[in-house]
Amino acid sequence: MRWVRWCAAALAGVLLTTGCTGDDRRGFRPGAPDAGDPYVPGAGNGGYDVGHYALDVRYDPGDDRLTGTATVTATATEALSRFQLDLAGLDVDRVRVDGEPAAHRHDDAELVVTPEHGLPAGRRFTVEVTYGGVPKPLPDAALGDGGFHATGDGAIALGQPESASTWYPVNDHPSDKATYDIAITVPDGLAALSNGVPKGRTSTGGRTTWRWSEGSPMASYLTMLVIGDYRVTTGTHAGRPLVTAVASALPADGPAAASVARTGEVADFLAARFGPYPFDAYGGVVVADDRIRYALETQSRPVYGPGFFTGGRPNTEVVAHELAHQWFGDSVSVARWSDIWLNEGFATYAEWLWAEHDGGRAVARTVADRYATTDWTRPTVDPGRAGMFGDAVYQRGALAVHALRRAVGDDTFFRILRGWLAQHRDGNATTADFVGYAERTAGRPLRALLDAWLVGATPPGLP
Ligand SMILES: [Zn+2]
């Protein structure tokens, strides 16, 4: 994610508490009511691992109603008497587990499902949820509202660290990645954009269904839904589909269109440094809604708010940032949000690399500037929920990446990056994993150096 302007968000965390008392007969116990990540209390769930979501949603901008069926294929990781999915602000009509009706209770943002029979550990099962209603965003005074926003011509569902539960039932934490098939039915004439490879569209009775498929595991906050009047451009790049879309309210030959038109070129620049592009499709979507004051690295197809393209000139640095996340954040995802610098530090550093390559500021100058303005009392690792999108994560995080590069030299540095990305592709990782990998690849201790740059309270020497 990248905000239009850097902002130091004030903490206004709202703790979502979920009641869940232990049962149960026959050794089946309820799955945990969240993922245990203190940055997102209530989000995610324990006791199972989702493999695939098949989403079939219909949205009508006329009455702002969304109806959907989500078929979630998961594996029980413990013996479950019941389990939970995250679903905020929508009503559940019906739940089936392995085709049989299942009891369910919808408490606030938690859908509690009690199947007819307990699920033994290791059992693969499917949950089919039929649901609908008028979707709402998740209010968050500190980080900005995430999730579903109705717009004048359609809707935008987007947001980090949480947004998915506003439009489908989900295990809403990046530690449970899954593949997706997404079908979106909208009135004829509107575009319905999402992640991954386009699988065609069909029209009947005044409505068009757009189909998308993401075959690489995807964290739920990286899913997106954009519906409205868009100029959609479909092509190929490096043998894969490239779909970009720019809101029709923005000029066809303006800076937004010119910036996303360089998506393939920027991705190739990054691939030359980070290793092969990790997904089966490329793309980008520029929305015209001023409430979206950020760009987000939604998998294979980032979404950009309009504020990045108001300067009269193209802005490819934000494109480089979001595309770098395809490697750092999307392919290799955090296991917990306190390690978000593993996403943002590298994406910010990629911006600096791209700017230098594209005739902009030299990396050394950017490093000197950021170094001079860094508040060393703010840690890069575990910055607190309110600090997730702060300078300590982005700017200081990128300085730490540069310090590593200077310490080990370019050859070893890029070998660390490529090897790290290959080793954890489609998975999750932690800061400790990264430090360990860098040390093994470089063949020397690096913990003290990285500790100083990431969490030390006094400035290390300028690299
Ligand atoms: Zn970012």
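Residues numbered from 1 in each chain as written. Predicted model: local features only at pLDDT ≥ 70, side-chain atom pairs only at ≥ 80, totals over all residues. Heavy atoms only, no water.

S.K.: If you had to explain the packing of aromatic side chains to someone new, which residues and values would you point to?
M.R.: What the rule picks out here adds up to 30 aromatic pairs. Measuring from ring centre to ring centre gives 4.5 Å for Phe 328 and Phe 346, while their planes differ by 5°; the resulting arrangement is stacked. Within this pair, whereas Phe 328 is found in the loop between helix 3 (316-327) and strand 23 (332-334), its partner Phe 346 is found in helix 4 (residues 341-357), the two being separated by 18 residues in sequence. Ring pairs connect the aromatic residues Phe 274, Tyr 277, Phe 279, Tyr 282, Trp 327, Phe 328, Trp 341, Phe 346, Trp 420, Phe 434 and Tyr 437, which therefore count as one cluster. (Phe/Tyr/Trp six-rings, centres within 6.5 Å; stacked < 30°, edge-to-face > 60°. Helix = DSSP H or I, 4+ residues; strand = E, 2+ residues; numbered from the N terminus.)

S.K.: Can you lay out unusual backbone geometry for me, pointing to particular residues and giving the numbers?
M.R.: In this structure, the amide linkage connecting Gln 160 to the following residue, Pro 161, adopts the cis form with an omega of 10°. Of note, the phi angle at Asp 108 is positive, near 55°, even though the residue is not glycine. You can call Asp 108 exposed: its relative accessible area is 64%. Even without being a glycine, Asp 382 presents a positive backbone phi close to 55°. Of note, Asp 382 is situated in the loop between helix 5 (363-373) and helix 6 (391-408). A relative accessible area of 47% places Asp 382 in the partly exposed class. (Buried < 20%, exposed > 50% of the residue type's maximum accessible area, 1.4 Å probe, protein only.)

S.K.: Tell me about the coordination of the zinc ion, and name the residues and values.
M.R.: For the zinc ion, the protein coordination sphere consists of Met 1 (N), Met 1 (O), His 321 (NE2), His 325 (NE2) and Glu 344 (OE), at 2.0 to 2.4 Å. The sequence pattern describing where the donors of the zinc ion fall on their chain is M-x319-H-x3-H-x18-E. In this pair, Met 1 is assigned in the segment before strand 1 (2-3) and Glu 344 in helix 4, connecting sequence segments 343 residues apart. Take Met 1: its relative accessible area is 1%, and that puts it in the buried class. (Donors = N, O, S within 2.8 Å, 3.2 Å for Na, K, Ca; no water.)

S.K.: Pulling in residues and values, what's your account of the sheet that holds strand 4 (residues 83-86)?
M.R.: Taken in spatial order, the 3 strands make up an open sheet running 4-8-7, and their pairing is antiparallel. Each edge of the open sheet carries a strand with a single partner, namely strand 4 and strand 7 (103-107). With direction set aside, neighbouring strand axes in the sheet form an average angle of 25°. The sheet contact formed by strand 4 and strand 8 (residues 110-114) spans 4 bridges and is antiparallel. (Pairing = 2+ DSSP bridges. Axes fitted to C-alpha atoms, helices over the stretch in contact; angles between N-to-C directions.)

S.K.: Quick one: what's the story with the confidence of the model for the protein chain, residue by residue and with numbers?
M.R.: Looking at the protein chain as a whole, its pLDDT mean stands at 94, while 95% of the residues score no less than 70. In this model, residues 6-23 is a region of pLDDT below 50 whose contacts with residues beyond four sequence positions or in other chains number 30 contacts. (pLDDT = per-residue confidence, 0-100. Contact = heavy atoms within 4.5 Å.)

S.K.: An account of the sheet that holds strand 13 (residues 178-187) is requested, with residue identities and associated values reported.
M.R.: Strand order in this open sheet of 8 strands is 6-5-9-3-2-13-16-15, and the pairing throughout is mixed. Each edge of the sheet is formed by a strand with only one pairing partner; in this case those strands are strand 6 (100-101) and strand 15 (197-204).

S.K.: Please provide a residue-by-residue account of the pattern of salt bridges, values included.
M.R.: Summed over all chains, the structure comprises 12 salt bridges. The closest approach of N and O atoms between Asp 140 and Arg 385, which form a salt bridge, is 2.2 Å. In this pair, Asp 140 is assigned in the loop between strand 10 (137-138) and strand 11 (146-150) and Arg 385 in the loop between helix 5 and helix 6, connecting sequence segments 245 residues apart. You'll find Asp 140 and Arg 385 in the same group, each marked buried. Linked by salt bridges that have partners in common, Arg 262, Glu 265 and Asp 358 make up one network. (Salt bridge = Lys/Arg side-chain N within 4 Å of Asp/Glu carboxyl O.)

S.K.: I'd like a description of the pairing of strand 18 (residues 230-237), backed by residues and values.
M.R.: Pairing geometry for strand 18 and strand 19 (residues 240-247), over 8 bridges, is antiparallel. Paired with Tyr 230 across the two strands is Ala 247, which belongs to strand 19. Count of turn residues in the strand 18/strand 19 antiparallel hairpin: 2 residues, of which Ala 238 carries a positive phi of about 50°.

S.K.: If you had to explain empty space enclosed by the protein to someone new, which residues and values would you point to?
M.R.: The rolling of a water-molecule-sized probe over the atoms marks out the regions of remaining empty space. Tallied over the entire structure, the rule returns 2 cavities of 30 Å³ or more. Of the volumes computed, that of the largest cavity is approximately 50 Å³. The wall of the largest cavity is formed by Phe 328, Gly 329, Val 332, Ser 333, Val 334, Leu 342, Asn 343, Trp 420 and Ala 429. The set of elements that each furnish at least two residues to the lining of the largest cavity consists of strand 23 and helix 4. The element contributing the most residues to the lining of the largest cavity is strand 23, with 3 residues. Class assignment of the residues belonging to the lining of the largest cavity gives a composition of 6 nonpolar, 3 polar and no charged. Within this model, the second largest cavity holds a volume of roughly 30 Å³. As for the second largest cavity, its lining consists of Phe 274, Phe 328, Phe 346, Tyr 349, Ala 350, Leu 353 and Leu 417. Tallying contributions element by element places helix 4 first for the lining of the second largest cavity, with 4 residues. Considered class by class, the residues forming the lining of the second largest cavity number 7 nonpolar, no polar and no charged. (1 Å grid on protein atoms, 1.4 Å probe; cavity = no way out; pocket = protein on both sides within 12 Å on 5 of 7 lines; lining within 4 Å. Points joined across faces, edges and corners; volume = space filled by probe spheres on them. Nonpolar A, V, L, I, M, F, W, Y, C, P; charged D, E, K, R; others polar.)

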